[in-house]
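A structural walkthrough
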Amino acid sequence: MSIKKVLIAAIMTGLLYPVASQAQGQEILSLNLEQVINKAVAESEAYRIQDNTVQKLQQQYREVKATIYPQVNGAVAWVNNYEYPDKAKAQMTDYTFDAGITASQVVWSFGKVSSAVRLADKLLAGSRMNKDTTKLEVVYAAKIRYYSTLLANSSVDILRGSLENTRHNKELVIQRSSGGRSSRRDIIKMDADIAARVPQVNEANTGLSSALRGLKVMIGAASEAEIVMTDAFATEYKPLDAPALVKSMRENEPTLRALRQNIAVYEELTKIRKAGYYPTIAAFATWDYMGGGSDYYIGGNNLDGYNAIGLKMNVPLWTSGQTSSQLQQAKIDLQNARLQLQMVDKGMVLELNNAVAEYNQYIDTLAANQAAVKLAQDSFNMMQDMLASGQVSLTDLNDSELLLTSGKLKLQVTLFNINATIAKIEKMAGKLIWQN
């Protein structure tokens, strides 16, 4: 892969880090990966929306749970019976007053109320898991952006180093020319090589400056702030154990946990639909203070107290198939929830195993990249010495420098791929992977 292709690939991944501005009075933010993650989560609208959803469901849970406790209601009515037939005069008065309090308590509902409370509780728990899923997505995005920043910064440094190497090679050619051993054609070729590298550095800086604006938006930094990334890629990595990570994913990954919770939700809903066939029994007690008179001011002498207690039972005798239809729908939803969990679990296990295999392949590639860079550096240093003594051609030196630059870029791309894959595995496994 050519240097230009590697650079373009780096920029297209959303790379973020421009040349630091040195303007006086400018805010400088020195950020490590953890700080970027915390700022990204705090600035995430999606995460805050999920947090609001959890709070709303907490209130809905309280609303549903209130049905298991006594309900007390009061009412007051003053009525002017300004017109009524003569045959009703014996039972009617011109004015009536009624004030009362009614207390009720569900005694037995064959699981309708208790299942409704458990359903609301499980919906709340599922919402919390969705919030966790959203946070993992934000954390993953922040990690990828941070690692992309490190890759971008390294790419710019490498290309600048390549430009400086070419300029130094030109000095060697000039020194050699002063001894009468090089032609002007060699100097012109060196100038062409230098000129070819300048646009690459400028293009990289332009892309990184644009990408940095995206990073600032992500973490809520001021547009004029200078960002300094304090972490760096590790140089050594260990192979990962796929079965252990799959086990962790099934235990901790919030999407799978939410799907299991979804099954529990439909189980409770099925119980509620089954309970629809059975009666609901409630106890009640009332106190009324009422009476009537011929004057708008009825007066206390015309008002009396009335008290009553009792049990009330509502029995669903016939619903024209509505209850059975609702029950069948709930059973189908429960079956689909179980199938959904199986389908997602299979897909995520496959994706995690593939990610672990890619990671293990990347660390093998890393060792080869590191060896290639060391050999290319030794070769380049040797070519510089041999050029000065006229033992190699300018073409040999340029090829050696290009090989070194390409190797360094490939090494940084591999480091980015390793850490990006680790971030993906951590998101899926629901835990951090510490590298020594």
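Everything below is about the structure printed above this text.
Below: a short report on this structure. (Residues numbered from 1 in each chain as written. Predicted model: local features only at pLDDT ≥ 70, side-chain atom pairs only at ≥ 80, totals over all residues. Heavy atoms only, no water.)

Comments concerning the overall build of the chain
Note the cut-off: What counts as a helix is a DSSP run of H or I of at least four residues, what counts as a strand is a run of E of at least two, and both are numbered from the N terminus. Using C-alpha atoms as the atom set, the radius of gyration is obtained and then compared with a globule rule of 2.2 Å times the number of residues to the power 0.38. The rule is simple: take the accessible area with a 1.4 Å probe, protein chains only, and divide by the maximum for that residue type; under 20% is buried, over 50% is exposed, in between is partly exposed. Whether two residues touch is decided by their heavy atoms; if any such pair falls within 4.5 Å, the residues are in contact. Here the open area of atoms and residues is found with the Shrake-Rupley method and a 1.4 Å probe, where only the protein chains shown may cover a residue.
What the chain contains, in helices and strands, is 9 helices and 6 strands. Relative to its length of 436 residues, the chain is extended, with a C-alpha radius of gyration of 38 Å against a globular reference of 22 Å. Considering the chain as a whole, with its 436 residues, one finds that 39% of them fall into the buried category. When contacts within the chain are restricted to residue pairs at least 6 apart in sequence, long-range pairs at least 24 apart make up 84% of them. Total accessible area on the chain is roughly 24,500 Å²; 55% of this is exposed by carbon and sulfur atoms.

Here's the deal with the pattern of salt bridges
Our working definition: Should a side-chain nitrogen of Lys or Arg be within 4 Å of a carboxyl oxygen of Asp or Glu, the pair is scored as a salt bridge.
Per the counting criterion, the structure on display carries 14 salt bridges. Salt-bridge contacts for Arg167 lead to Glu164; the nearest nitrogen and oxygen are separated by 2.9 Å. One end of the pair, Arg167, and the other, Glu164, are both in helix 4 (residues 112-178), 3 residues apart, so they sit about a helical turn from each other. Residue classification places Arg167 among the partly exposed positions, given a relative accessible area of 37%. For Glu267, the salt bridge goes to Arg338, with nearest N and O atoms at 3.4 Å. Here Arg338 lies in helix 8 (residues 322-388) and Glu267 lies in helix 7 (residues 254-275), a separation of 71 residues in the sequence. Residue Glu267 is classed as partly exposed on the basis of its relative accessible area, which comes to 32%. Here Arg338 falls in the partly exposed class, since its relative accessible area comes to 39%.

So, the packing of aromatic side chains
Cut-off, in case you're wondering: Pairing of aromatic side chains here covers Phe, Tyr and the six-membered ring of Trp, requires ring centres within 6.5 Å, and sorts the geometry by plane angle: under 30 degrees stacked, over 60 edge-to-face, intermediate tilted.
Enumeration over the complete set of coordinates arrives at 3 aromatic pairs. Pairing Trp287 with Tyr289 gives two aromatic rings, centres 6.2 Å apart and planes at 5°, and the pair type is stacked. Classification of Tyr289 by relative accessible area gives partly exposed; the value is 30%.

Let's talk about helix 2 (residues 33-43)
Helical geometry: 3.6 residues make up each α-helical turn, so side chains three or four residues apart lie on a common side. The cut-off we apply is this: Comment: arc refers to directions from the helix axis out to C-beta atoms. Here a polar contact is recorded for every N or O atom pair within 3.5 Å, except that within protein the pair must consist of a potential hydrogen donor and a potential acceptor, and residues adjacent in sequence are included only if both atoms are side-chain atoms.
All of the buried residues in helix 2 are Leu33, Val36, Ile37, Ala40 and Val41. Burial along helix 2 is one-sided: seen end-on, the buried residues are contained in an arc of 130°. Residues of helix 2 that are exposed and point more than 90 degrees away from the buried face comprise Glu34 and Ala42. Two to three positions downstream of the cap, the backbone nitrogen of Glu34 sits 3.2 Å from a side-chain oxygen, assigning the N-cap of helix 2 to Asn32.

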